[in-house]
Amino acid sequence: MPNNSTASKPADRSFVYLAAVFAALGGLLFGYDTGVISGAELFLRKDFTLSTFALEVIVSGVLAGAAVGALGGGRLADLFGRRKLLVATAIIFAAGAALCAAAQSPQILVVGRIIVGLGIGLSSSTVPVYISEVAPADARGWQVSLFQLAVTVGILLAYVVDFAFAQIQSWRWMFGFALIPAAIFGAGMFFLPESPRWLLRSGQRESARATLARVRGTADVDNELSEIERSLAHAEEKGRLSDLLEPSLRPALVAGIGLAVFQQIVGINTVIYYAPVIIQSAGISSASGAILATVGIGLVNVLMTIVAMRLIDRAGRKPLLLTGIAGMAVTLGLLGLFFRAANHNGALAWLAVISMMAYVASFAISLGPIFWLLIAEIYPLKIRNSAEGIAATFNWGSNLVIALTFLTLVEQLGPSWTFWMYGLCAVAAWIFSYYFVPETKGRTLEEIEEFWRMRSAPPTK
Ligand code: BGC
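Residues numbered from 1 in each chain as written. Predicted model: local features only at pLDDT ≥ 70, side-chain atom pairs only at ≥ 80, totals over all residues. Heavy atoms only, no water.

Topic: the nonpolar core
- In terms of nonpolar packing, the biggest core is built from 143 residues, with Leu-44, Leu-109, Tyr-130, Phe-175, Ile-279 and Trp-396 touching the most fellow members.
- With 12 residues, the top contributor of residues to this core is helix 7 (residues 140-166).
- Excluding its chain neighbours within four sequence positions, the residues that come into contact with Leu-109 are Leu-44, Phe-48, Ile-58, Cys-100, Ala-103, Trp-171 and Phe-175. (Core = buried A, V, L, I, M, F, W, Y, C linked by side-chain atoms within 4.5 Å. Buried < 20%, exposed > 50% of the residue type's maximum accessible area, 1.4 Å probe, protein only. Helix = DSSP H or I, 4+ residues; strand = E, 2+ residues; numbered from the N terminus. Contact = heavy atoms within 4.5 Å.)

If you want it as structure tokens, here you go:
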């Protein structure tokens, strides 16, 4: 017998869209606060007469803060709930932005950047989990990818704001602008509901049911509620991180950490943080040409992320991942080639810029959104947030290593070999994804848990 209550009244999904959009603002702040430094750098150096090392500390303070925030974020969100932690995160973002904007010394600026970094780390480990827990299974891919879209919009916004305030040479406004999205994010999270899965896990069954009915737009949520309860039953005892070492979960651990590291060692942030410098060294000497090309790269990043979101629940995660990573390997190879010749030939410099755009486009349909999506999907509920925090920490740690070594590598090896080295990492990323990354399209989070259990179970006769 068909269930009439669902047949007669289609679920109203507007609320879940709203929840996903507001939560994704945490991603916008992540993108904005990492991207903003590329334009602020020039003016900071002038106002504070900074050494290169001091500048590197200001740039990487955010990444170090993010690594710590991501590690603590998992536990905190399990303890206090996703929503409360995200409200606190918005306050941290705002405090960090205000401190940076008002800083009277480089030391204060570094403290401000570390605080902003903590906010980024907390949001990067909690927002995707929150969205994945409120989204329905058939829309989870694109809804969680809203986070990545917001990251790319944040980066583009930072490029544009940097460009605007460059006219009045004000790095303070560049940093301070982040107060606006932080306030909207905080206000939004204050009014949004807690994740129903987290409520159920912390014994608040009635609130869980009410919230689920609200986010699903239908009172008919019994099946889903019992499915979540079943997955919780597998976790009677509190999940411990050492559970990840159990044979059934080890593959999930490997997939999450592997993708975390590969997402960074293919070199994406050398382009995101240093685009104008790279473009100039390819032979386009005009500053306005370099900035324009940078905005172009930011735009390609946003547009291709939208393309990925349209495909992710239909084509599946894995085909996109493999196609995009292959594209990155090829474009990195070309980038290295064009760099070799570019300095002597203006046309080749533009070819180098076009390869950079194609490289960013390939990232945007693959490792960009799919890493953050998979780490929100592949872990069992009992340890989901902590495990995601670990993957995010590996991601920020690798990001830090690449950001700190890129300029030195270029000095020592030259740009061509540096990009070819990232290209080799892309080849390794492809092989890794082929063998170690599961397809999660269309499965509920509970079915994914079951998948890992079945995979490791001894075969029955
Ligand atoms: C990565 C960031 C990167 C951004 C670029 C994100 O998925 O984690 O490190 O800057 O994509 O769009």
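Text resumes after the structure shown.
Observations concerning the packing of helix 13 (residues 250-265) against helix 18 (residues 367-377)
- Packing of helix 13 against helix 18 leaves a shortest axis separation of 10 Å and a crossing angle of 155°. The angle between helix 13 and helix 18 places the two elements in the roughly antiparallel class. Handedness of the helix 13/helix 18 crossing: left-handed. Of the residues in helix 18, those in contact with Gly-256, Leu-259, Ala-260, Phe-262 and Gln-263 of helix 13 are Leu-367, Gly-368, Phe-371, Trp-372, Leu-374 and Ile-375.
- In the contact of helix 13 with helix 18, the residues fall into 8 nonpolar, 3 polar and no charged. (Axes fitted to C-alpha atoms, helices over the stretch in contact; angles between N-to-C directions. Parallel < 35°, antiparallel > 145°, perpendicular 65-115°, else oblique. Left-handed = near helix turned anticlockwise from the far one by under 90°. Nonpolar A, V, L, I, M, F, W, Y, C, P; charged D, E, K, R; others polar.)

Description of the layout of surface pockets
- Taken as a whole, the largest pocket holds about 610 Å³ of empty space.
- Lining the largest pocket are 26 residues; nearest its centre among them are Ser-38, Glu-41, Leu-42, Pro-276 and Val-277.
- Counting residues per element, the ones that place at least two in the lining of the largest pocket are helix 3 (37-48), helix 4 (52-80), helix 7, helix 14 (268-281) and helix 15 (287-312).
- By residue number, the principal contributor to the lining of the largest pocket is helix 3, which donates 6 residues. (1 Å grid on protein atoms, 1.4 Å probe; cavity = no way out; pocket = protein on both sides within 12 Å on 5 of 7 lines; lining within 4 Å. Points joined across faces, edges and corners; volume = space filled by probe spheres on them.)

A few points about unusual backbone geometry
- Phi at Thr-49 is positive, roughly 40°, even though this residue is not glycine.
- The topology assignment puts Thr-49 in the loop between helix 3 and helix 4.

Observations concerning the site of the ligand
- What surrounds the ligand is a group of 13 residues, the closest being Gln-148, Gln-263, Gln-264, Asn-269 and Trp-372.
- Summarising the interface, the protein chains cover 100% of the accessible area of the ligand, which totals 310 Å² for the free molecule.
- Broken down by secondary-structure element, the contributors of at least two residues to the shell around the ligand are helix 7, helix 13, helix 18 and helix 19 (384-413).
- A per-element tally of the shell around the ligand places helix 7 first, with 3 residues.
- Residue composition of the shell around the ligand, by class: 4 nonpolar, 9 polar and no charged. (Near = heavy atom within 4 Å. Areas by Shrake-Rupley, 256 points an atom, 1.4 Å probe, with all protein chains shown as cover.)

Things to note about the pattern of salt bridges
- In total, this model carries 7 salt bridges according to the counting rule given.
- For Arg-317, the salt bridge goes to Asp-313, with nearest N and O atoms at 3.0 Å. Asp-313 carries the same exposure label as Arg-317, and that label is buried.
- The partner of Glu-377 in a salt bridge is Arg-317, and the shortest N-O contact between them spans 2.6 Å. Of this pair, Glu-377 sits in helix 18 while Arg-317 is found in helix 16 (residues 317-342), placing the two residues 60 residues apart along the sequence. (Salt bridge = Lys/Arg side-chain N within 4 Å of Asp/Glu carboxyl O.)

A word on the confidence of the model for the chain
- A residue-level look at the chain finds 93% of positions with pLDDT of 70 or above and a mean pLDDT of 86.
- This stretch, residues 1-8, has a pLDDT under 50; its non-local contacts, to residues over four places away or in other chains, come to 3 contacts. (pLDDT = per-residue confidence, 0-100.)

Notes on a nonpolar patch on the surface
- On the surface, a cluster of nonpolar side chains totalling about 810 Å² of accessible area is made up of Val-254, Leu-424, Val-427, Trp-430, Ile-431, Tyr-434, Tyr-435 and Phe-436.
- Among the elements that take part in the nonpolar patch, helix 20 (residues 415-436) stands out by supplying 7 residues, more than any other.
- If you trace the backbone, Tyr-434 turns up in helix 20. (Patch = residues over 30% accessible without salt bridge, like charges linked within 9 Å, V, L, I, M, F, W, Y side chains within 5 Å.)

What to know about empty space enclosed by the protein
- Scanning the model with the defined rule gives 2 cavities of 30 Å³ or more in all.
- The computed volume of the largest cavity comes to approximately 190 Å³.
- In terms of lining residues, the largest cavity is bounded by 18 residues, among which Phe-30, Val-151, Ile-155, Gln-264 and Asn-269 are the most central.
- For the lining of the largest cavity, the secondary-structure elements that each account for two or more residues are helix 2 (14-35), helix 7, helix 13, helix 14 and helix 19.
- Taken together, the residues of the lining of the largest cavity break down into 9 nonpolar, 9 polar and no charged.
- Empty space within the second largest cavity amounts to approximately 30 Å³.
- Residue lining of the second largest cavity: Asp-33, Thr-34, Ile-37, Val-59, Val-62, Leu-63, Arg-113 and Tyr-273, and that is the complete set.
- Broken down by secondary-structure element, the contributors of at least two residues to the lining of the second largest cavity are helix 2 and helix 4.
- Of the residues that constitute the lining of the second largest cavity, the class distribution is 5 nonpolar, 1 polar and 2 charged.

Considerations on the side chain of Arg-317
- In this structure Arg-317 comes out as buried when scored by relative accessible area, which is 1%.
- Within polar-contact distance, the side chain of Arg-317 engages the backbone oxygen of Ile-312 at 3.1 Å.
- Ignoring anything within four residues of it in the chain, the contact list for Arg-317 reads Arg-140, Gly-141, Ile-312, Ile-370, Leu-373, Leu-374, Glu-377, Glu-439, Thr-440 and Lys-441. (Polar contact = N/O pair within 3.5 Å; in protein donor to acceptor, adjacent residues only side chain to side chain.)

Let's talk about the environment of Ile-155
- Locating Ile-155 in the fold gives a position in helix 7.
- As a C-alpha pair, Ile-155 and Val-36 span 119 residues in sequence and 7.3 Å in three-dimensional space.
- If sequence neighbours within four positions are ignored, Ile-155 has contacts with Gly-31, Tyr-32, Ile-272 and Asn-301.

Regarding the packing of aromatic side chains
- Taken as a whole and assessed by the stated rule, the structure comprises 19 aromatic pairs.
- Both rings, one in Tyr-17 and one in Trp-142, keep their centres 5.6 Å apart while their planes meet at 50°; by these two values the pair is tilted. Pair noted here: Tyr-17 is in helix 2 and Trp-142 is in helix 7, with a separation of 125 residues, a long-range link.
- The exposure class assigned to Trp-142 is partly exposed, which follows from its relative accessible area of 28%.
- With a centroid separation of 5.4 Å and 45° between ring planes, the pair formed by Phe-262 and Phe-432 is classed as tilted. A residue pair is termed long-range when its members are at least 10 positions apart, and Phe-262 in helix 13 and Phe-432 in helix 20 qualify at 170 residues. (Phe/Tyr/Trp six-rings, centres within 6.5 Å; stacked < 30°, edge-to-face > 60°.)

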